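Residue-level structural notes
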Amino acid sequence: MNETSIIVASNKSNSAVADSKDFYSLIDGSFVRDGLKLKVVNPATLDTAGVAIVPNLKDLQQAIYAADRAFLAWRDEPWKVRSSLLLGLADVLRSNVEELARLLTREQGKPLQQARDETISCAEFLEHCSGQELRPVVFNENPEAYAEQFYVPYGVVAGIVPWNFPLETAISKIGPAIITGNSIIIKPAPTTPLATLRFGELIKDVVPPGLIQIIADDGSLGPKLVSHPSIAKVSFTGSTSSGKAVMASAAQGLKRVSLELGGNDPAIVFEDVNVMGVAQAIFNAAFLNSGQVCTAIKRVYVHVAIADRFCECLAALARNAVVGDGLEANVTVGPLQNKAQYDKVLQYLDEAEKVGRIVAGGKAPPLAGYFMNPTIVTDISDEASLVKDEQFGPILPVLTFTDVDDVVRRANGTPFGLTASVWSADTDRAARIARRLDSGMVWVNKHLEFSLDYPFSPCKESGFGTEGGIEGLKEYAQLRVLS
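In this report, we go over the structure that sits alongside the text. Note that the structure is a prediction, hence the values are computed from the model and not measured. (Residues numbered from 1 in each chain as written. Predicted model: local features only at pLDDT ≥ 70, side-chain atom pairs only at ≥ 80, totals over all residues. Heavy atoms only, no water.)

1. What to know about the layout of surface pockets
Short version of the rule: Cavities and pockets were defined on a 1 Å grid built over protein atoms only: a cavity is a set of grid points that admits a 1.4 Å probe from which the probe cannot escape, a pocket is an open set flanked by protein on both sides within 12 Å along at least five of seven lines, and lining residues are those with an atom within 4 Å of any such point. Grid points are joined across faces, edges and corners, and a volume is the space filled by probe spheres set on the points. By definition, any uninterrupted DSSP run of H or I lasting at least four residues is a helix, any uninterrupted run of E lasting at least two residues is a strand, and each is numbered from the N terminus. In this count, Pro and Cys sit with the nonpolar residues alongside Ala, Val, Leu, Ile, Met, Phe, Trp and Tyr, while Asp, Glu, Lys and Arg are called charged and the others, Gly among them, polar.
Taken as a whole, the largest pocket encloses approximately 1100 Å³ of empty space. Taken together, 43 residues form the lining of the largest pocket, with Ser121, Glu168, Phe450, Leu452 and Glu467 sitting closest to its centre. Within the residue set of the lining of the largest pocket, elements represented by two or more residues are helix H4 (112-129), helix H5 (166-179), strand E12 (231-237) and helix H15 (469-473). For the lining of the largest pocket, the leading source of residues is H4, giving 9 residues. For the lining of the largest pocket, the class distribution of residues is 19 nonpolar, 16 polar and 8 charged. Lining the second largest pocket are 35 residues; nearest its centre among them are Trp163, Phe236, Gly238, Ser239 and Ser242. Going through the elements one at a time, helix H7 (221-227), E12, helix H8 (240-251) and helix H11 (339-355) are the ones with two or more residues in the lining of the second largest pocket. Among the elements that line the lining of the second largest pocket, the one with the most residues is H8, at 6 residues. When grouped by side-chain class, the residues that make up the lining of the second largest pocket number 16 nonpolar, 14 polar and 5 charged.

2. Comments concerning the environment of Asp272
Heads up, the condition is: The classification of residues rests on relative accessible area computed with a 1.4 Å probe and restricted to protein chains. Under 20% of the type maximum is buried, over 50% is exposed, and intermediate values are partly exposed. Here, residues are in contact when the closest pair of their heavy atoms is within 4.5 Å.
Along the chain, the position of Asp272 falls in the loop between strand E14 (265-269) and helix H9 (275-287). Residue classification places Asp272 among the partly exposed residues on the basis of a relative accessible area of 30%. Along the chain, Asp272 and Lys460 lie 188 residues apart, while their C-alpha atoms are 31 Å from each other. Beyond its immediate stretch of four places on either side in the chain, Asp272 contacts Ser424, Ala425, Asp426 and Arg429.

3. Considerations on empty space enclosed by the protein
Empty space among the atoms can be located by rolling a probe the size of a water molecule over them. Inspection of every chain in the model, using the stated rule, returns 3 cavities of 30 Å³ or more. If you add up the space inside the largest cavity, you get close to 60 Å³. Considered class by class, the residues forming the lining of the largest cavity number 4 nonpolar, 7 polar and 2 charged.

4. Here's the deal with H9
The α-helix advances 3.6 residues per turn, and as a result positions three or four apart in sequence lie on the same side. The following threshold applies: Here the expected span of a helix is defined as 1.5 Å times the quantity of residues minus one. Any N or O atom pair separated by 3.5 Å or less is treated as a polar contact, with the protein-specific requirement of one donor-capable and one acceptor-capable atom, and with residues adjacent in sequence counted only for side-chain atom pairs.
Helix length check: H9, at 13 residues, gives a terminal C-alpha distance of 18 Å against a target of 18 Å (1.5 Å per residue), a fit within 8%. When we look at burial in H9, the residues that qualify are Val275, Val278, Ala279, Ile282, Phe283, Ala285, Ala286 and Phe287. The inward-facing, buried residues of H9 abut E14, strand E15 (297-303), helix H10 (307-319), strand E18 (375-378), strand E19 (395-401) and strand E20 (419-423). Where H9 begins, one side-chain oxygen reaches toward the backbone nitrogen of Met276, 3.3 Å away; that side chain belongs to Asn274. Directly after H9, the chain includes Asn289, whose backbone phi takes a positive value near 55°.

5. Remarks on the packing of helix H2 (residues 79-95) against H4
To keep things clear, this is the line we draw: Every angle, taken between N-to-C directions, lies between 0 and 180 degrees, and every axis is a line fitted to C-alpha atoms, over only the stretch in contact when it is a helix. Throughout, the term roughly parallel applies to angles under 35 degrees, roughly antiparallel to angles over 145, roughly perpendicular to angles from 65 to 115, and oblique to all others. Note on convention: near helix rotated counterclockwise from far helix by under a right angle means a left-handed crossing. Clockwise means right-handed.
Remark: H2 packs on H4, axes separated minimally by 8 Å, with the N-to-C direction vectors making an angle of 165°. Judged on the interaxial angle alone, H4 and H2 are roughly antiparallel. Note on packing geometry: the crossing formed by H2 with H4 is left-handed. On H4, the residues touching Leu86, Leu87, Leu89, Ala90, Leu93 and Arg94 of H2 are Thr119, Ile120, Cys122, Ala123, Glu124, Leu126, Glu127 and Cys129.

6. Some points on the packing of H2 against H5
Look at H2 against H5: their axes get within 9 Å of each other, and the N-to-C directions meet at 160°. When the axis of H2 is compared with that of H5, the two are roughly antiparallel. Once H2 is placed against H5, the crossing between them reads as right-handed. Across from Trp79, Arg82, Ser83, Leu85, Leu86, Leu89 and Leu93 in H2, the residues of H5 making contact are Leu167, Ile171, Ile174, Gly175, Ile178 and Ile179. Each residue belonging to the contact of H2 with H5 can be placed in one class, and the counts come to 10 nonpolar, 2 polar and 1 charged.

Below, the structure written as structure tokens:
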């Protein structure tokens, strides 16, 4: 492995925020204070970030009953009432950015500024949703042959949330579910429930009982929630393997399902780019949240004419990253979120050392938590696990190409189809190539730039259904026609 000059933060725990406060589920307008105590680990220090109280099956049943009751009232509320509630939730988020962000960093590991950005983006999303409406469409105005298309809410929605963006993903499900007239039960991941549970505490007196409920889980309640006959719609974000299990369970009741799953997102870089500028953009899009982003760049195909320079630029950026506890100033790369993911990425790293060439990183820094230095790997085959799989960590393979048709084939040679990007000074060429890539979202000369007005629909084993824009709202409502 190459030695690097990666900057390492001190990793000293901040005792002012390292307490182990209990966090409670919000069920039917009240907090459930009795249940299994689930210790949530701070991945930067391995201390306890907080304790989530996991309710029992009886509590879960009560939550489902309450959600059904709340739905029957909420579906009849005027759109303006629904809109006002979302604005109220956004105000709660904006008023508590610092507290929620610090909780996110403590439980998830991301640098504090990224956690602040996540919290603010949640408020912005709800504010945007508050202005969206599924309006009826009249096909024929003739009274004798009147025909109209309209939408009705499904009912009780189960929102299953992953550990990489726990608050943002929860809010991305709450907004469209509520504005379209549904009730929703949010189930955070067992390793990152704290900020979402705290949000539930903050909105207790803002929302009608049962309309929005947030339930801690140790892994036992999720399958019970998804399979319950009163759940009408499941919105799941997580791994492809877990998504398949959710889909199989939901199939028993033919529930409506939307899945946003894993990705192995390629970037194709042509020889005419500004090497340093594009390297910086790709580094940012690959190593955000320590690479734990389903839509992050997972592999880079660089034209052979600039490959050496491009790889060295990436390596320099990796060496200059500041690795450490996200609560400390100037940290740019936090830990992996949990030990299972950390061990998985270590396996990719071990293989990469054997079948590729590590030009930066390649080792863990001397810190207590689940840290790994940002790693750049080159001279590696498309058949390596690091290239074929979704690594979900701070390790990026760089491959070369000369032939356009060949690189398109290689980029598409995966069961995933989440996002991709093409980089070239010739934007027309880049757009032509982008249209050939099997991904739900393909960017030209950018990556990870989403618009709240644009729909995003993954393909292949990256899931199905749509998020964002008006099309995303339609995932939470049944189309009907009156004729």
